[in-house]
Each structure stands twice: as structure tokens, then as C-alpha cells.
Amino acid sequence: MNPDLVKSYSAPAPRYTSYPTAQQFGPAVQAAQYGHWLSQLSSGAKISIYCHIPYCQSLCWYCGCTTKALRRYDPITAYMEPLQAELANVAALVPVNHEVTHIHWGGGTPNILNADDITRLAGTIRRLYRVAADAEFAVEIDPRHLDSDQVTAFEYAGVNRISVGVQDFEPAVQAAINREQTFEMTERAITMFRDRGIRSINADLVYGLPHQSCDSVSRTIEQVLTLRPDRIATFGYAHLPSRLVHQRLIDSAVLPDAMERFAQSQLLAQSLTQAGYLRVGMDHFALPTDHLASKTLKRNFQGYSTEQADALLGFGASAIGQLPQGFVQNATATGEYIAKIGTAGLATVRGVALTDDDRARGSAIEQLMCQMEFSQSQLVARYGKAAAPVVKIANDLIAADTNGFVARTADGFAITQAGRPFVRTICTAFDRYFQPTGAVAAMAV
């Protein structure tokens, strides 16, 4: 592909795990508003629960998550009490006959918790909430810090899906991002879970890391494929040293350029599809037997999901929740989070109430991120006049496209296979808050 074209479409763009994105969250939404929204959930509401564990045993320099490294367990013990208090306080506000259909623990490193705290936290959730018998319970795992007692605790807790961080197996890349993790460590962790009956495995890879090349990426994916995970996510590294202090430890001079990053992403996609994985959304791949490949996709703060819950409730420092009325986010600093739970019962410090315009644009963006197309007639039927700007933008993009990245369908707008690698950039055209150089202008290059 033309290098100038790749470069023009490689400018920073949101990942669109929400719309509006977290950058538009503000202090107008606080704990009282969140509590009111919770009380308005309908009888029988389906709920997804996310718990954030904001600690790691060591800090990976590439990471953009809210976390910090610990040498002692005491801060985790201090964190668990308000986390469980928040779970109880929210449970008192939601409808009694709700149903939890999905649980996800992320971080940080959820398996920094010892076996007793894993059991205690899972038990608190099941005691306070009506968890469906077939609920998916997913946990993010760092294979470097995992023992058999923790695996036993996760099994006892009812975990049925794990997500294993791999990133890259090349020693030079691992040294450059402060994450030394051998293939054998990763294989051991996956085997431990599979031996306990937890068969659903995700693996996360990252491209665009320091010292990475197509050759090194190819070697990593060959090793990962021997483990045959059910899903593989391929994320592009976002280098943001001005915002993330620890990323300043990465030498920007050894980062791949735009064309090399693009080549790595395409190599991953080609290798995985040739190995029998189906491409899902922007950057996920799933075996045909995994329900991510066959059910209707949704997109939230954990990435792609088939979860169709009415509300996502976020617990812990920095956790984000999504309700029909809008988005909420807890205090990011653990000290502030703990203090707010102690004084107000909830830790919401920012968020955004959705407008009809937000809903129409957000629906179009989510459908593009998940299915690569949307129906204009369905958008108009659902959102009425609020859909008009979205339809106009879609028509303008089609008219301006000289690269074959978008196309008109019988009933709407679609991103072509050629445009699929640039879906995020194309979506910025529908984003009222984001001000790029302009997707329409870029498409006319």
C-alpha cells in the first residue's frame, strides 16, 4: 500500500470502546447522578460486572492501563475492603430481580490477588448479585506471577475464561518493555487452567513495540499458535510518553515506523486467518467454535464481546460503567477512590449523560467497529432526526473516497476490506468531539 496513504491514516485516533470517549467525561456526573441512574434500571435488567485491580508486581513500560507496581501486599488488603463495600452499595440500588450475565476482572494484574482474596471477592459478588448459572466469568492473567493455589481459587470462583497477556516472545522486545516472559511460562499457565477444566483461553499480542519486526512478530505468532487459544487479540502499541511517564523509558528511536507497524498488523491478520481463525471486528480473531465468531458483537471497555447486558457496572479505582443514560467513571487514584467509598459510598467523579445525537453517532461507530457497516434505514427508524447528520457524513465519505476504503450498500454504508485496517480513522468522521485533520480530507488523498 502507498506509504503516504498509510501514514495519513495512522494518525492517533480513539479506540472507540465507548462513544463519547472517556476524554469527553466531565465532573457534571457525580455519585448522586450514578445512584439515580442505577435506581432507574428496569426490572429484570441484565448486568455485566467489571472489577478493576490496579496493581502489578512490576510495571510493563508499554502499558496504558491504570496500575502501579507493589512490593508489599498491604495496599491490596487495604483496597479490597472498599472494593467490596462498593459492590454492596451498588447492589442495594439495582433492581432485586436483576441478572448478572458477565463478570470480568481486569487491571493491572488480577492474579496479584492471593488465593484467599480471589475466593473472597468472587464470593462477595455471588452473595450480593444474582449471577446467572451460565454467566461468563473472565479474568486477565499475567503468566509470570501465577501459582497453583491461585488457579484453584479461580476454578472454585467459577472462572470459565482467561485472557493471557503475551505481547511478544522476542527477548530484545521484552527487555525494551520491561516484560520478560518466556514461552514456557505462558504454556505452563494455560496448561494449568486447562487441566482444571477452564478451556476458554484468550491471548493478547501487541505490535509496534520497540525492536519488533515482521520476522520477530512471525516467530511469536508461530509459538502462540501451538497453544491454540480460542481467541487472539492484536493490539497496536500507542506511544504516549507525554501522558504516561513510564513510557519515557522506551527509546522512541527503536519503535517501528508507520509502514512497519502496518506490515506487522497485516502479517498477524494473514497468519491467523490462514491458521483457521475468523477475523472479528478490528483486531480480534476467534476460532469458529468460539461464540465471538458467531454471535452479534458489541464493543465496550474490555474490547469486543457478545455480551448484551443492559448495564455495565464498573467497580474499583478508575473503573468505567455504562448505563442507558450515560457513562460513569470512578476516581483514578486509589487513595481518592478509597476515601470516596468511605464518605459517599460511591466513587464516581466524572461521566457523561448521553444525548440523542450521541446515541445515533455511537450506534453507527459501534456497528462499524464490530460489523464494518451500518443500515441507514435502521438508524433513522431508531433515532429519527438525530440520525440525519450520520447519514450525511456517510454519503460525504462515499463521495470523497478515491481509495476504495468505503462503499454504499443497498441500505447504508460499509467499510471495505481495503479500508478495514483504518476503521478507527474512518470512524472519527462520525465523532462530533474529535477534531482530526479530517477523515473526508484524508480519503481524498
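First things first, this report covers the structure right here in the doc. (Residues numbered from 1 in each chain as written. Predicted model: local features only at pLDDT ≥ 70, side-chain atom pairs only at ≥ 80, totals over all residues. Heavy atoms only, no water.)

1. Structural notes on the overall build of the chain
Let me state the cut-off plainly: Numbering of helices and strands starts at the N terminus; helices are DSSP runs of H or I of at least 4 residues and strands are runs of E of at least 2. Each radius of gyration is computed over the set of C-alpha atoms, and the globule rule expresses the reference value as 2.2 Å times the number of residues to the power 0.38. Note on classification: 1.4 Å probe, protein chains only; a residue is buried when its accessible area is under 20% of the maximum for its type, exposed when over 50%, partly exposed between these limits. Should any heavy atoms of two residues lie within 4.5 Å, those residues are considered in contact. Per-residue and other accessible areas were derived by the Shrake-Rupley procedure at a 1.4 Å probe size, with only the shown protein chains allowed to occlude residues.
The helix and strand inventory of the chain stands at 15 helices and 19 strands. Against the globule reference of 22 Å for 445 residues, the chain gives a C-alpha radius of gyration of 22 Å, in line with a compact fold. The C-alpha extent of the chain, read off along each of the three principal axes, is 60 × 50 × 40 Å. Out of the 445 residues in the chain, the part that is buried amounts to 55%. Of all intrachain contacts in the chain linking residues separated by at least 6 positions in sequence, the fraction that spans at least 24 positions is 73%. Of the roughly 18500 Å² of accessible surface on the chain, 51% is carried by carbon and sulfur atoms.

2. Some thoughts on the pattern of salt bridges
Opposite charge on two side chains makes pairing possible when the charged atoms of those side chains draw close. We count it as follows: Should a side-chain nitrogen of Lys or Arg be within 4 Å of a carboxyl oxygen of Asp or Glu, the pair is scored as a salt bridge.
Tallied over the full model, the rule gives 16 salt bridges. With a shortest N-O distance of 3.1 Å, aspartate 74 and arginine 72 are connected by a salt bridge. Residue aspartate 74 is classed as exposed on the basis of its relative accessible area of 53%. The partner of aspartate 142 in a salt bridge is arginine 144, and the shortest N-O contact between them spans 2.8 Å. Neither residue differs from the other here; aspartate 142 and arginine 144 are each classed as buried. Through salt bridges that share partners, Glu136, Arg161, Arg231 and Asp290 make up one connected network.

3. Describing helix 3 (residues 74-91)
Applied cut-off: Helices are assigned an expected span. That span is 1.5 Å times one less than the residue count.
Here helix 3 contains 18 residues, and its C-alpha end-to-end distance of 27 Å stays within 8% of the 26 Å for a straight helix at 1.5 Å per residue. Among the residues of helix 3, those classed as buried are Ile76, Tyr79, Met80, Pro82, Leu83, Gln84, Glu86, Leu87, Val90 and Ala91.

4. Describing the sheet that holds strand 19 (residues 412-415)
The cut-off we apply is this: Strands qualify as paired when DSSP identifies two bridges or more between them. Every angle, taken between N-to-C directions, lies between 0 and 180 degrees, and every axis is a line fitted to C-alpha atoms, over only the stretch in contact when it is a helix.
Pairing within the open sheet is antiparallel, and its three strands lie in the order 17-19-18. The sheet is open, and its two borders are formed by strand 17 (373-375) and strand 18 (406-409), each paired with just one other strand. In this sheet, adjacent strand axes meet at a mean angle of 20° when their direction is disregarded. Two strands pair when backbone bridges link them, and strand 17 and strand 19 are joined in this way by three bridges, in the antiparallel orientation. Looking across to strand 19, one finds that phenylalanine 374 is bridged to phenylalanine 413. Running over the sheet, helix 11 (residues 356-371) touches strand 17 and strand 19 and is turned about 135° from strand 17.

5. Things to note about the packing of aromatic side chains
Stated precisely, the cut-off is as follows: Ring pairs are drawn from Phe, Tyr and Trp, using the six-membered ring of Trp, whenever the two centres fall within 6.5 Å, and their geometry is named by plane angle: stacked under 30 degrees, edge-to-face over 60, tilted for the rest.
Taken as a whole and judged by the stated rule, the model has 17 aromatic pairs. Ring centres of tyrosine 9 and phenylalanine 405 lie 5.2 Å apart, and the angle between their planes is 80°; on these two criteria the pair is classed as edge-to-face. One end of the pair, tyrosine 9, is in the loop between helix 1 (3-8) and helix 2 (31-39); the other, phenylalanine 405, is in the loop between helix 13 (388-400) and strand 18, with 396 residues separating them in the sequence. Accessibility expressed as a relative area gives 3% for tyrosine 9, which makes it buried. Ring centres of tyrosine 9 and phenylalanine 422 lie 5.0 Å apart, and the angle between their planes is 50°; this geometry places the pair in the tilted category. With tyrosine 9 in the loop between helix 1 and helix 2 and phenylalanine 422 in the loop between strand 19 and helix 14 (423-427), the pair connects residues that are 413 residues apart, well separated along the chain. An aromatic cluster of at least three residues, connected via ring pairs, comprises Tyr9, Phe262, Phe405 and Phe422.

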